[in-house]
Number of protein chains: 2
Amino acid sequence: MKLEQAVGLVIRKHRTVEKISQFKLAELTGYDRSFISLLERGHRVPTVKTIFTIAYHLNISPAQFIDEVHQLVESDIME
Amino acid sequence: MKLEQAVGLVIRKHRTVEKISQFKLAELTGYDRSFISLLERGHRVPTVKTIFTIAYHLNISPAQFIDEVHQLVESDIME
DNA sequence: GTGTAGACTGAAGTCGACC
DNA sequence: CGGTCGACTTCAGTCTACA
């Protein structure tokens, strides 16, 4: 699957695990709520800085975040 | 240290390990050579896609790349 | 082989509003 | 709570050229 889609899935997965809303994640990270929405639906490719910030507030390491994205990209889920 | 600086150091480190020039890395990744130069000196914050592409051609996993960046950022080397 | 400069295009990220 | 729209600003990434 595509990189942006994988990034979106990983964010949404960990956000729901943490049981917080997009509003709350936006507040924590300092990013706009509409931007979080765009990311989760794979409509934006974030910068490395964005990944570090979001991963931090989702309580996972940036490397683990990227690794999960990598596995999704490598897999052929949904094509 | 700052994120951009860490990214630059990790790219340069692995590029020299691979014994290739900025020209060659630019050719392999499809990015502009001046952009590679900007990245290595910490003057740009790349997107996740850029990291995946560069890490691939430096023969390391994106997660390992990010982990090395993370360690540099966490350390207080050069400030 | 690398740093840098400037001018450019497209995409990241903001903000307010509405469904 | 989350999706979306439009208009906006900032910055990633291109390209040419020269030290």
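These lines cover the structure that appears in this document, whether it is placed above or below. (Residues numbered from 1 in each chain as written. Chains lettered and ligands numbered in written order. Predicted model: local features only at pLDDT ≥ 70, side-chain atom pairs only at ≥ 80, totals over all residues. Heavy atoms only, no water.)

## Describing the environment of G42 of chain A
Residues and elements named next belong to chain A.
Inference 1: Mapped onto the secondary structure, G42 falls in the loop between α3 (33-40) and α4 (48-57).
Inference 2: Each C-alpha atom of the pair G42 and K2 lies 8.6 Å from the other, and the pair is 40 residues apart in sequence.
Inference 3: For G42, the contacting residues outside a window of four places in its chain are E4 and Q5. (Helix = DSSP H or I, 4+ residues; strand = E, 2+ residues; numbered from the N terminus. Contact = heavy atoms within 4.5 Å.)

## Structural notes on the relation of the copies chain B and chain A
Inference 1: Of the two same-sequence chains, chain B is brought onto chain A (RMSD 0.0 Å, axial shift 0.0 Å) by a rotation of 180°. Both chain copies can therefore be described as sitting about a two-fold axis. Proximity to the rotation axis, assessed at the C-alpha, singles out T47 of chain B in chain B; its C-alpha lies 1.8 Å from the axis.
Inference 2: Taken as a fraction of all interface residues of chain B, those also at the interface in chain A reach 100%, which identifies the copy contact as same-surface. (Least-squares fit on C-alpha atoms with pLDDT ≥ 70 in both.)

## Points about the protein's contact with DNA strand D
Inference 1: Neighbouring DNA strand D are 19 residues; Q22, R33 and R41 of chain A together with F35 and T50 of chain B lie closest to it.
Inference 2: Restricting attention to atoms of DNA strand D within 4 Å of the protein, one finds that 62% of them are sugar or phosphate atoms.
Inference 3: S34 of chain B is positioned with one of its side-chain polar atoms (N or O) 3.1 Å from a base nitrogen of DNA strand D.
Inference 4: Note that a base nitrogen of DNA strand D is positioned 3.4 Å from one of the side-chain N or O atoms of R44 of chain B.
Inference 5: Of all the secondary structure elements, the ones that give two or more residues to the surface near DNA strand D are α1 (3-17), α2 (22-29) and α3 of chain A together with α3 (33-40) of chain B. (Near = heavy atom within 4 Å. Polar contact = N/O pair within 3.5 Å; in protein donor to acceptor, adjacent residues only side chain to side chain.)

## Details of the pattern of salt bridges
Inference 1: Under the counting rule described, the total for this entry stands at ten salt bridges over all chains.
Inference 2: In this structure, E4 of chain B engages K49 of chain A in a salt bridge whose closest nitrogen and oxygen atoms are separated by 3.8 Å. Of this pair, E4 of chain B sits in helix α1 (residues 3-17) while K49 of chain A sits in helix α4, which puts the two residues in different chains.
Inference 3: Notably, a salt bridge pairs R12 of chain B with E40 of chain B, separated by 2.6 Å at the nearest N-O pair. Residue R12 of chain B is located in helix α1, and its partner E40 of chain B is located in helix α3; the two are separated by 28 residues in the primary sequence.
Inference 4: One continuous salt-bridge network, built from bridges that share partners, spans R12, R15 and E40 of chain A. (Salt bridge = Lys/Arg side-chain N within 4 Å of Asp/Glu carboxyl O.)

## Things to note about the protein's contact with DNA strand C
Inference 1: Around DNA strand C, the structure places 19 residues, and the nearest of them are T50 of chain A together with Q22, F23, R33 and R41 of chain B.
Inference 2: Of everything in DNA strand C that lies within 4 Å of the protein, sugar and phosphate atoms constitute 65%.
Inference 3: For DNA strand C, a phosphate oxygen lies 3.0 Å from a polar atom in the backbone of D32 of chain A.
Inference 4: At 3.0 Å, a side-chain N or O of R12 of chain B approaches a phosphate oxygen of DNA strand C.
Inference 5: Taken together, the elements giving at least two residues each to the surface near DNA strand C come down to α3 of chain A together with α1, α2 (22-29) and α3 of chain B.

## Some points on the interface of chain B and chain A
Inference 1: Contact residues are listed per partner, giving 15 residues for chain B and 15 residues for chain A.
Inference 2: Contact with chain A buries surface across chain B, with V48, F52 and I66 of chain B losing the most and accounting together for 37% of the total.
Inference 3: Between the two partners, chain B and chain A, sit two salt bridges.
Inference 4: Scanning the region where chain B abuts chain A turns up two residue pairs in polar contact (both at pLDDT 80 or more).
Inference 5: Put simply, the parts of the chain that give the side of chain B that touches chain A at least two residues each are α1, α4 (48-57) and α5 (62-74) of chain B. (Buried area = accessible area lost by both parts, 1.4 Å probe.)

Remember, this is a structural readout, not a statement about activity or role.
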